[in-house]
Amino acid sequence: MPVPARDGLLATSLLRDRAYTAIRDAIVDGTLAPGERLVDAELSSWLGVSRTPIREALGRLERSGLVQTRPGHSTVVSPVRARETAAAQSVVAAMHELATREAVPLLSATDLDAMRAANARFADALRDNDIDAAVAADDDFHDVTVAASGNPAARAVLDQFGPVLRRVERLRFGSLAGRASVAQHDRIVELCAAGDAEGAALHTRENWQTLALLVATLED
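Values in this document were obtained by computation on a predicted structure and should not be read as measured data. (Residues numbered from 1 in each chain as written. Predicted model: local features only at pLDDT ≥ 70, side-chain atom pairs only at ≥ 80, totals over all residues. Heavy atoms only, no water.)

Our next topic: the overall build of the protein. Counting its secondary structure elements, the protein contains 10 helices and three strands. Shown N-terminal to C-terminal, the secondary structure of the protein runs as helices and strands in the order α-β-α-α-β-β-α-α-α-α-α-α-α. Expected size for 220 residues packed as a compact globule is a radius of gyration near 17 Å; at 19 Å, the protein falls within 12% of this value. Overall, the C-alpha framework of the protein stretches about 55 × 50 × 30 Å when taken along its three principal axes. For the protein, the proportion of contacts with a sequence separation of at least 24, taken over those separated by at least 6, is 76%. Put simply, the protein shows about 11,300 Å² of open surface, and 55% of that area lies on carbon and sulfur atoms. Distance between charge centres in the protein, computed from 24 positive and 31 negative side chains, equals 5 Å. (Helix = DSSP H or I, 4+ residues; strand = E, 2+ residues; numbered from the N terminus. Rg over C-alpha atoms; globule rule 2.2 N^0.38 Å. Contact = heavy atoms within 4.5 Å. Areas by Shrake-Rupley, 256 points an atom, 1.4 Å probe, with all protein chains shown as cover. Lys, Arg positive; Asp, Glu negative; His and termini not counted. Charge placed at Lys NZ, Arg CZ, Asp CG, Glu CD.)

Take a look at the structure:
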């Protein structure tokens, strides 16, 4: 049978993903501050895309809790609240625990080397007070086990709620409290290399739960 052309569908999907990623990253790094109004026309001009991908991206961000629609249909960047952040932390910690438990039997020597290299970059970034690099390296570290687990459900949940937590993690990585993660990462790698799936999973969960004290300082 004739195969329908997909060029238009592909282009639309790429534009939507591009808009989502750009707006999400701007919210996470604080460029778009909590409470800031998000205007379709301004975002469209900034990203060079039509309003349709912008609206679709904002809908996706609202489902993640990063933006909210106020009465009168204005869309704003969500405040960083304790309740929403704590909920995201619980979900993210559980998904990383699950991914690590499933990944350990599947990890290769190359995977373990990738985790060590990411943690080394993470430590360097913290020493240099480079928060962007620290966040990127931390993402790279944890992404090894998520990818190795091959669990698409865990990936989907982390993609949705991970950015909510990253807004708070940026505060931690700018303080001395974030330095403890380097040692925690080292221990996770050791347990992974030893084939201790349960130990590695529990330490991974603990690593994500270290944000609890910082989350407790947020307004509810």
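Picking up after the structure, the text goes on.
For the pair helix α6 (residues 131-149) and helix α7 (residues 152-173), the least separation of the axes is 11 Å and the interaxial angle reads 145°. Seen from above, α6 lies across α7 with right-handed handedness. Contacts between α6 and α7 involve I131, D132, A134, V135, D138, D139, D143, V146 and A147 from the first element and R155, L158, R166, E169, R170 and F173 from the second. Of the residues belonging to the contact of α6 with α7, the class tally is seven nonpolar, no polar and eight charged. (Axes fitted to C-alpha atoms, helices over the stretch in contact; angles between N-to-C directions. Left-handed = near helix turned anticlockwise from the far one by under 90°. Nonpolar A, V, L, I, M, F, W, Y, C, P; charged D, E, K, R; others polar.)

So, about the layout of surface pockets. One number sums up the size of the largest pocket: a volume of about 610 Å³. Along the walls of the largest pocket sit 27 residues, with R24, D139, G162, P163 and R166 positioned nearest its centre. Looking at the lining of the largest pocket, the elements that each hand over two or more residues are α1 (7-28), α4 (82-103), α6 and α7. No other element matches α7, which puts nine residues into the lining of the largest pocket. Its residues assigned to classes, the lining of the largest pocket shows nine nonpolar, four polar and 14 charged. A volume near 230 Å³ is recorded for the second largest pocket. Lining the second largest pocket are 16 residues, with G65, P79, E84, T85 and V164 sitting closest to its centre. The leading source of residues in the lining of the second largest pocket is α4, at four residues. Class assignment for the residues of the lining of the second largest pocket results in eight nonpolar, five polar and three charged. (1 Å grid on protein atoms, 1.4 Å probe; cavity = no way out; pocket = protein on both sides within 12 Å on 5 of 7 lines; lining within 4 Å. Points joined across faces, edges and corners; volume = space filled by probe spheres on them.)

So, about the packing of α4 against helix α9 (residues 197-209). Running from N to C, α4 and α9 point in directions that differ by 160°, and their axes come no closer than 8 Å. Our classification of the angle between α4 and α9 gives roughly antiparallel. Of the two elements, α4 crosses α9, and the hand of that crossing is right-handed. Between α4, through Q89, V92, A93, A94, H96, E97, T100 and R101, and α9, the contact on the second element is made entirely by A197, E198, A200, A201, L202, T204, R205, W208 and Q209. (Parallel < 35°, antiparallel > 145°, perpendicular 65-115°, else oblique.)

So, about the nonpolar core. By size, the foremost hydrophobic cluster in this structure holds 19 residues, and its most contacted members are I23, I27, L32, L38, I54, L58 and L61. Broken down by element, this core gets its largest block of residues, five residues, from α1. With near-sequence residues (within four places) excluded, L32 lies in contact with I23, A26, I27, L38 and V77. (Core = buried A, V, L, I, M, F, W, Y, C linked by side-chain atoms within 4.5 Å. Buried < 20%, exposed > 50% of the residue type's maximum accessible area, 1.4 Å probe, protein only.)

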